[in-house]
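Close look at the chain arrangement
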Amino acid sequence: MNIRDMRNNAISKTELIQAVLSELDNSGEASSVNLSRFTRNTGETNDNGRMTRALNYLVENGLTELNINEDIEIDATTSVNLISNLIINFNYHKIITLPNSVETSATIRCNGLENVEIKNGVFIGERDSHQGTTGEWGFGICFSGCSNLVIKNCSFSKFWGDGVYSGDTRLLSNTTPSKNVLISNCYFNENRRQGMSLCAGQITVEGCTVENTHGIAPSAGICIEPDWYTDYLTDITIKNFTSKNNTFALNICIHDIAEDNGTFKVQVDGLQDYGSFRGIEILGISYDDDRTFPLRGRCHLENIELNNNQEIAIRLVDWTKERGNISFKNLFINAYNTSLK
């Protein structure tokens, strides 16, 4: 409702203010709105509702950018579900995940979206205050079936599961895995299961650092593993990745993928690890509950530096040439317990 429509109607002060602000937005051809325009409703104990109202406002008014200009608290059991054609700028404010007891949750969800940019967020999980003891799937950002998604200049710390998780194809019906995804210049610290899990899609990780991942296996800086035989891992690229004190710097677990889902392709250019329990582990496992498909593809890793790994630098498990090609270029290992297995 605009100001003209309100002339002959009884309206509240709040409705009038919103209408005036809307007119100002439209008159100045603004493309953004600040979250501070939306307050918690009576009885609301978190910011999920006002985030949803702000996102709906963008859609209703043809706007594309939401500016977060304060710290916010999110109930990850219901999540904040983003929209397509969105830039969300957290302006380095905190996104605090409230304590919960569930096994699976996500602070931010992006399901089946296109043209989304998430930037400058300080995401803080509830690992230290988690009220349950089971599960390992409490995520900072969970995405599936997205295209043209950018996550940049964000930090993710102390999540019950992973800082960032790329979902498998079962999360959405009638969808293809994510494509054209960029995770850039992000920092991960003290997450319980993984810094990042890349389970499906076409994803580039660039200039990221992951530290101190521990708590539940595999506790990798980055884990690349399909969740299901219907997933796709056709193009995973990691550039200039720094790992410190993780259980694994990089864990690649390629198991049964349907033949018609294409070949897997993992390329790493620039990885430096310092003091992780294991440097790089690559597994080719056939699980009893998966369909059996021959793997087709390759893993190429170059400009790799592994320093002072506590147990082993590089480990290959259940891998044969029939499962795909693995190649290294410019590999440097500096460790007292240096070994390849």
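Everything in this summary refers to the structure shown in the same document. (Residues numbered from 1 in each chain as written. Predicted model: local features only at pLDDT ≥ 70, side-chain atom pairs only at ≥ 80, totals over all residues. Heavy atoms only, no water.)

So, about the pattern of salt bridges. A complete count under the given rule lists 13 salt bridges for this structure. A salt bridge links arginine 193 to glutamate 136; its shortest N-O distance comes to 3.2 Å. Highlighted residues: arginine 193 in the loop between β15 (187-189) and β16 (194-198) and glutamate 136 in the loop between β9 (122-124) and β10 (137-144), separated in sequence by 57 residues. Looking at arginine 193, the relative accessible area reads 9%, which means it is buried. Between arginine 278 and glutamate 281 there is a salt bridge, and its shortest N-O distance comes to 2.8 Å. You can call arginine 278 buried: its relative accessible area is 16%. The exposure class of glutamate 281 is buried, given its relative accessible area of 4%. Connected through salt bridges with shared partners, the residues Arg40, Asp47, Arg50, Glu70 and Glu73 form a single ionic network. (Salt bridge = Lys/Arg side-chain N within 4 Å of Asp/Glu carboxyl O. Helix = DSSP H or I, 4+ residues; strand = E, 2+ residues; numbered from the N terminus. Buried < 20%, exposed > 50% of the residue type's maximum accessible area, 1.4 Å probe, protein only.)

We now examine helix α3 (residues 48-61). Helical geometry: 3.6 residues make up each α-helical turn, so side chains three or four residues apart lie on a common side. Across its 14 residues, α3 extends 20 Å between first and last C-alpha, which sits within 8% of the 20 Å expected from 1.5 Å per residue. Looking one or two residues beyond α3, the residue adopting positive phi is glycine 62, at roughly 65 degrees. (Expected span 1.5 Å × (residues − 1).)

With that settled, the discussion passes to the side chain of serine 219. Structurally, the position occupied by serine 219 is in the loop between β18 (209-211) and β19 (220-224). Looking at serine 219, the relative accessible area reads 3%, which means it is buried. Polar contacts involving the side chain of serine 219 include one to the main-chain carbonyl oxygen of isoleucine 216, which spans 2.7 Å. Once you skip the residues sitting within four places of it in the chain, serine 219 turns out to touch Arg192, Arg193, Gln194, Thr213, His214, Asn246, Thr247 and Phe248. (Polar contact = N/O pair within 3.5 Å; in protein donor to acceptor, adjacent residues only side chain to side chain. Contact = heavy atoms within 4.5 Å.)

On to the sheet that holds β10, then. Taken in spatial order, the nine strands make up an open sheet running β4-β7-β10-β13-β16-β19-β21-β23-β25, and their pairing is parallel. The outermost strands of the open sheet, each flanked by one partner alone, are β4 (80-81) and β25 (312-317). As paired elements, strand β23 (residues 278-283) and β25 share five bridges and run parallel to each other. Each bridged residue has a counterpart across the sheet, and for isoleucine 280 the counterpart in β25 is isoleucine 314. (Pairing = 2+ DSSP bridges.)

Glancing now at the nonpolar core. Counting residues in hydrophobic clusters, the biggest one holds 68 residues, and the most contacted among them are Leu66, Leu82, Ile118, Ile151 and Ile183. Ranked by residue count, the leading element in this core is α3, at five residues. Apart from the residues lying within four places of it in its own chain, the contact partners of leucine 66 are Val33, Asn34, Leu35, Met51, Ala54, Leu55, Leu58, Leu86, Ile87, Ile88 and Asn89. Counting residues in hydrophobic clusters, the runner-up holds five residues, among them Ala106, Phe139, Cys142 and Cys199. (Core = buried A, V, L, I, M, F, W, Y, C linked by side-chain atoms within 4.5 Å.)

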